[in-house]
Amino acid sequence: MAPAALLMNESWPSKRVCVMGSTGPLGSTLVQRLLERGYAVHAAALRHYPPNTHVHGGVDCLEGILSSCDDEKKNKRLRVFDTDPLDYHSILDALKGCSGLFYCFDPPSDRPTYDELMAEVEARAAHNVLEACAQTSTIDKVVFTSSATAVIWQDGRNTMPDLDERNWSDISFCKKYKLWHGLSKTLAEKAAWALAMDRGLNMVSINGGLLIGSSPHGHQLMTVDNPYLKGAAEMYEDGVFVTVDLGFLVDAHICVYEDVSSYGRYLCFNEVIDSNTAALKLAHMLFPSSPSSPSPQSLEEERVYQQRISNKKLNKLMVDFKRGLLPV
């Protein structure tokens, strides 16, 4: 397969795209990377809570990106929108003139814990956003950010063949065990796919693992109350506890958007937590200031669980993808 940039015509870098959810760690990094690749970007900050609720870095984060632009051209290619995903008209405003959408839903930083109400809100937001895309004639492609938790949770998963993009988390199972993150991501992604197929929208989804790494905009990626971690012990023992570096996740989003052959869902991760050593490393990320933990050698004998989840589909697509191929 040819490198992604070679699949596009010469006018591609001037295309205008929208990043909805642009104040979170993924969204803000996507905005910056897309500007570096020559895109014009509508950065839509999601305002799905009252005014006194602050969403991650808020618009201040986007102003930081503006101030860090090293040339006037990049600055002129960024427009910031205040968007409520439950307000259809505000979504339309942000999408106007765009050929593509990157959609990332982030809960407010002061309410990071998912619950059943959050699941309903996220599903409604996904439906509204895809409906707005269907009504925007310039939209050619949608990249929908989902999660591996929309894939892995189901009865009998430890006796099933290896999991991949064809698997879906079971909604009843998530409700029974209060796996709210998995429930939210599953309901939202299913709502998006249902509308995309009904309206003939070209959509791909990225089902990412637990987000790790450093954020260039000061977001704290790793916290012990991250809702993804509910059920971590079961994920670990089942060989499906996966993580993804922020830079890799951003590259994956751009890759599936730029590659005309991309389709369907893509599991996205670059590490599997399948051993004492890997689990200890993750624990150090979660508790960086805690006293030194014992080394794996001083714990029980090193144990490795068999990996039972595959990201071959994405890895194949990204073989020739190189960061920064497009002119800037």
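Use the structure listed above.
Let me sum up the structure you'll find in this document.

Scoring rules and cut-offs
- Residues numbered from 1 in each chain as written.
- Predicted model: local features only at pLDDT ≥ 70, side-chain atom pairs only at ≥ 80, totals over all residues.
- Heavy atoms only, no water.
- Helix = DSSP H or I, 4+ residues; strand = E, 2+ residues; numbered from the N terminus.
- Buried < 20%, exposed > 50% of the residue type's maximum accessible area, 1.4 Å probe, protein only.
- Contact = heavy atoms within 4.5 Å.
- Areas by Shrake-Rupley, 256 points an atom, 1.4 Å probe, with all protein chains shown as cover.
- Pairing = 2+ DSSP bridges.
- Axes fitted to C-alpha atoms, helices over the stretch in contact; angles between N-to-C directions.
- Right-handed = clockwise from strand over helix to strand, strands pointing away.
- Phe/Tyr/Trp six-rings, centres within 6.5 Å; stacked < 30°, edge-to-face > 60°.
- Core = buried A, V, L, I, M, F, W, Y, C linked by side-chain atoms within 4.5 Å.

**Regarding the overall build of the chain**
Here comes step 1: The secondary structure content of the chain amounts to 12 helices and 10 strands.
Here comes step 2: The buried share of the chain, reckoned over its 328 residues, is 56%.
Here comes step 3: Pairs at least 24 residues apart make up 78% of the contacts formed inside the chain by residues separated by at least 6 positions.
Here comes step 4: As displayed, the chain has an accessible area near 14,600 Å², and 51% of this comes from carbon and sulfur atoms.

**So, the sheet that holds strand E1 (residues 16-20)**
Here comes step 1: On the basis of which strands lie adjacent, the open sheet formed by 7 strands has the order E3-E2-E1-E4-E5-E6-E9 and parallel pairing. Lying at the two open borders of the sheet, with one neighbouring strand each, are strand E3 (78-83) and strand E9 (264-268). If you compare each strand with its neighbour and ignore which way they point, the axes differ by 20° on average.
Here comes step 2: Note: E1 against strand E4 (residues 100-103), 4 bridges, orientation parallel. By the bridge assignment, Cys-18 is partnered in E4 with Leu-101.
Here comes step 3: Strands in contact with helix H4 (residues 88-95) are E1, strand E2 (40-46), E3 and E4; relative to E3, the strand with the most contacts, it is inclined by about 175°.

**Section: the pairing of E2**
Two faces, one strand: in a regular strand the side chains alternate between the faces of the sheet.
Here comes step 1: Taking burial as the measure, the 7 residues of E2 include 7 buried ones, the bulk of the element.
Here comes step 2: Residues Ala-40, His-42, Ala-44 and Leu-46 of E2 are buried on one face, and the alternating residues Val-41, Ala-43 and Ala-45, pointing to the opposite face, are buried as well.
Here comes step 3: As paired strands, E1 and E2 are joined by 5 bridges and run parallel to one another. Residue pairing in the sheet places Cys-18 in a bridge with His-42 of E2.
Here comes step 4: With respect to chirality, the unit in which E1 leads through helix H1 (residues 25-36) into the neighbouring parallel E2 is right-handed.
Here comes step 5: Pairing geometry for E2 and E3, over 6 bridges, is parallel. By the bridge assignment for E3, His-42 is matched with Arg-79.

**Focus on the environment of Lys-175**
Here comes step 1: Within the fold, Lys-175 resides in helix H7 (residues 171-176).
Here comes step 2: Sequence separation of Lys-175 and Glu-116 is 59 residues, and the distance between their C-alpha atoms is 8.1 Å.
Here comes step 3: Apart from residues no more than four positions distant in its own chain, Lys-175 is found in contact with Glu-116, Trp-180 and Leu-183.

**As for the packing of aromatic side chains**
Here comes step 1: Here the structure, examined in full by the defined rule, presents 7 aromatic pairs.
Here comes step 2: Seen in terms of ring centroids, Tyr-236 and Tyr-305 are 4.9 Å apart; in terms of plane orientation they differ by 70°. Their pairing is edge-to-face. Separated by 69 residues along the polypeptide, Tyr-236 in helix H9 (residues 232-238) and Tyr-305 in the loop between helix H11 (276-286) and helix H12 (312-317) bring together distant segments of the chain.
Here comes step 3: Taken together, a centroid distance of 6.5 Å and an interplanar angle of 65° make the contact between Tyr-263 and Tyr-266 edge-to-face.
Here comes step 4: Following the ring pairs from residue to residue traces out a cluster consisting of Tyr-39, Phe-102 and Tyr-257.

**Considering the nonpolar core**
Here comes step 1: Counting 60 residues, the largest nonpolar core has Met-20, Leu-95, Leu-101, Leu-130 and Phe-241 as the members making the most contacts within it.
Here comes step 2: By residue number, the principal contributor to this core is helix H5 (residues 116-134), which donates 9 residues.
Here comes step 3: Those residues within four positions of Leu-95 in sequence are excluded, and the remaining contacts are Cys-18, Met-20, Leu-101, Ala-132, Cys-133, Thr-136, Thr-138 and Ile-139.
Here comes step 4: One finds Val-31, Leu-78, Ile-254 and Leu-317 within the second-largest nonpolar core, a separate group that totals 32 residues.

**Regarding the pairing of strand E6 (residues 203-208)**
Here comes step 1: The buried count for E6 comes to 6 of 6 residues, which makes it a mostly enclosed element.
Here comes step 2: Of the two faces of E6, the one carrying Met-203, Ser-205 and Asn-207 and the one carrying Val-204, Ile-206 and Gly-208 are both buried.
Here comes step 3: Taken together, the 6 bridges between strand E5 (residues 141-147) and E6 define a ladder with parallel strand orientation. Paired with Val-142 across the two strands is Met-203, which belongs to E6.
Here comes step 4: When E6 meets E9, the two strands line up parallel, connected through 5 bridges.

**Considering the sheet that holds strand E7 (residues 210-212)**
Here comes step 1: Overall, mixed pairing links the 3 strands, which are arranged E7-E8-E10 in an open sheet. Both outer strands of the open sheet, E7 and strand E10 (271-272), are each paired with one neighbouring strand and no more.
Here comes step 2: Sheet topology note: the strand E8 (residues 242-245)/E10 ladder contains 2 bridges and is antiparallel. Bridge assignment links Thr-243 to a residue of E10, and that residue is Glu-271.
Here comes step 3: Contacts from helix H10 (residues 246-258) reach E7 and E8, with the element oriented near 80° to E8.

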